[in-house]
Structure formats: structure tokens, C-alpha cells
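So the chains spell out like this:
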Amino acid sequence: QKEVEQNSGPLSVPEGAIASLNCTYSDRGSQSFFWYRQYSGKSPELIMFIYSNGDKEDGRFTAQLNKASQYVSLLIRDSQPSDSATYLCAAGTGTASKLTFGTGTRLQVTL
Amino acid sequence: KAGVTQTPRYLIKTRGQQVTLSCSPISGHRSVSWYQQTPGQGLQFLFEYFSETQRNKGNFPGRFSGRQFSNSRSEMNVSTLELGDSALYLCASSLASGTGVNYGYTFGSGTRLTVV
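So, here is what we can say about the structure in this document. (Residues numbered from 1 in each chain as written. Chains lettered and ligands numbered in written order. Predicted model: local features only at pLDDT ≥ 70, side-chain atom pairs only at ≥ 80, totals over all residues. Heavy atoms only, no water.)

## Brief notes about the side chain of D85(B)
Keep this limit in mind: Runs of H or I in DSSP of at least four residues are treated as helices and runs of E of at least two as strands, each being numbered from the N terminus. Throughout, a contact is declared for two residues whenever any of their heavy atoms are within 4.5 Å.
By secondary structure assignment, the location of D85(B) is in the loop between β8 (74-78) and β9 (87-94). Ignoring any residue separated from it by four or fewer positions in sequence, one finds D85(B) in contact with Q36(B), R63(B), F64(B), V78(B), T80(B), L113(B) and V115(B).

## Section: the sheet that holds strand β6 (residues 54-58) of chain A
All names here are of chain A. To keep it simple, the criterion reads: Following DSSP output, two strands are said to pair if at least two bridges run between them.
Taken together, the five strands give an open sheet; going across it, the order is β1-β3-β8-β7-β6, and neighbouring strands pair in antiparallel fashion. Because the sheet does not close on itself, it has two edges, and the strands there are β1 (4-5) and β6. When strand β3 (residues 19-25) meets strand β8 (residues 71-76), the two strands line up antiparallel, connected through six bridges. By the bridge assignment for β8, S20 is matched with L75.

## What to know about the nonpolar core
Generally speaking, nonpolar side chains in soluble globular proteins are found buried as a group. Quick reminder of the rule: What we call a nonpolar core is a set of buried Ala, Val, Leu, Ile, Met, Phe, Trp, Tyr and Cys residues that are connected through their side-chain atoms within 4.5 Å. Relative accessible area decides the class of each residue, using a 1.4 Å probe on protein chains only: under 20% of the type maximum gives buried, over 50% gives exposed, and in between gives partly exposed.
Counting 23 residues, the largest nonpolar core has W35(A), V72(A), L74(A), I76(A) and Y87(A) as its most contacted members. Non-local contacts of L74(A), meaning those with residues more than four positions away in its chain, are made with A19(A), S20(A), L21(A), W35(A), I47(A), M48(A), F61(A), T62(A), A63(A) and Y87(A). Counting residues in hydrophobic clusters, the runner-up holds 21 residues, among them I26(B), V32(B), L46(B) and C91(B).

## Some remarks on unusual backbone geometry
All names here are of chain A. Here the bond from G9 into P10 is cis, since omega is 10°, no more than 30 degrees from zero. A positive phi angle is found at Q70, which is not glycine, with a value near 55°. Counting through the fold element by element, Q70 comes out in the loop between β7 (61-66) and β8.

## Quick notes on the packing of aromatic side chains
To be explicit about the condition: Each pair of aromatic rings taken from Phe, Tyr and Trp, with Trp reduced to its six-membered ring, is defined by centres within 6.5 Å and is described as stacked if the planes are under 30 degrees apart, edge-to-face if over 60, and tilted in the remaining cases.
All chains considered together, the criterion is met by 14 aromatic pairs over all chains. Both rings, one in Y36(A) and one in F101(A), keep their centres 5.6 Å apart while their planes meet at 50°; by these two values the pair is tilted. A residue pair is termed long-range when its members are at least 10 positions apart, and Y36(A) in strand β4 (residues 30-38) and F101(A) in strand β10 (residues 99-101) qualify at 65 residues. The exposure classification of Y36(A) matches that of F101(A), with both residues buried. Their ring planes at 75° and their centres at 5.5 Å tell us that Y36(A) and F107(B) sit as a pair that is edge-to-face. Here the residue Y36(A) occupies a position in strand β4, and F107(B) occupies one in strand β10 (residues 106-107), the pair thus bridging two chains.

Shown next, in the form of C-alpha cells:
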């Protein structure tokens, strides 16, 4: 069973702090990795994707990938209350469109 | 541009009935995937269609089926509904290439199915 694992949380961070969300995956054939944000009662929305080892930055968000450790993370700088949501990590292989999702980490940004 | 449109938004069905859900992908997106989301299992992959062909299938029973039309619109059918089929069904469209490389999904708002 190829899995993507995340800590369910909740992860609580104060407003303005850095939130660090982590994810591990078991399938070494995974080549593409995605972070989705899901607000309660809404559908997931894509935040960013990463294919290569290292960091990828987009605004307040930074995705980090370490294929040797099979580890993906998402950093959210200057966290805002509007960032409070469940963050889903997903992994895909290079030759298929199927994504395997983790069960998500609930983030709470407190005032 | 218009997003992914799923209809209906809510559905209540009785055990044993069948149901058909519809999804219109983003214009130009040829890949449509379906997921089931439940609180306990999270997002579970059902199947993916690309150019009217099922390209990938998840580990769901044969009661779950789908199809894609020439305009990329997709339907999902569940026959002989069970209580455990109650879930949010999400459709996702992707600008997937013919080789299947995934550039990330855009999800629809989902269909909330309740089986009573």
C-alpha cells in the first residue's frame, strides 16, 4: 500500500509566525508532490507543486522536497488567521495522473 | 475562466438505488479524475479519464463506474448504493499531457451524497 502520511494536528501557531507542515511518502517512484489547502466545507485548492529536490518559493509559501528521505514540507511565513485550514499533501508518479493524498494536517492560526 | 462544475451539489438516495454524478472540466482540460472524500479515509482515488478512456482506476468495487464524453465532460455512476457510500465526491480536472504527467488538479465543489 503506497501511502502519504501527515500528522493530523491541529497545529496551532500564532499570527505572524512560521507554520511548518510535514509529509512523508512511501513510494520511491513518486516524482511529483502537491500541497492543497481545504477550508471546512469547501473543496481542496492547489497551493503549489514541486518536482525537484530543494526548495520552491511562491509568495509566503515554500515547499521543500527531500527525495532521499522521502519527505515533503510546506512552510507558511507570516501566518494569517485566513490560513487556518486543512493542508493536504499528495504524491504522484511521473507516468500517471493518479495522486495519493495524505489525510491532512489541520492548521490553526491564533490571534 | 470557468472552473470545474459538478452537479448536483447535494443528493439524498436510498440504499439499493443508483446515482449519476456529473462533472464539466475546465475548458481545454482533457483529464478528469474522481475522488471520494470521507472523514475517516480522506481522499480516495476512484478513476481517471483522459480523451474518453479510463487511464487509471482505484480500489473501489465495480459498482463504481464512470465515463467521459468527447467534450471531456465526465459522469460517475454508483449502483446498488450502500450506507458506506455516503461521502463527498470530488471531480478534478487537469491539464495532463498524453504521457500522464500531472500538473496539479483543479477540484470542483463536489457532490455531497447521503445514502439513507
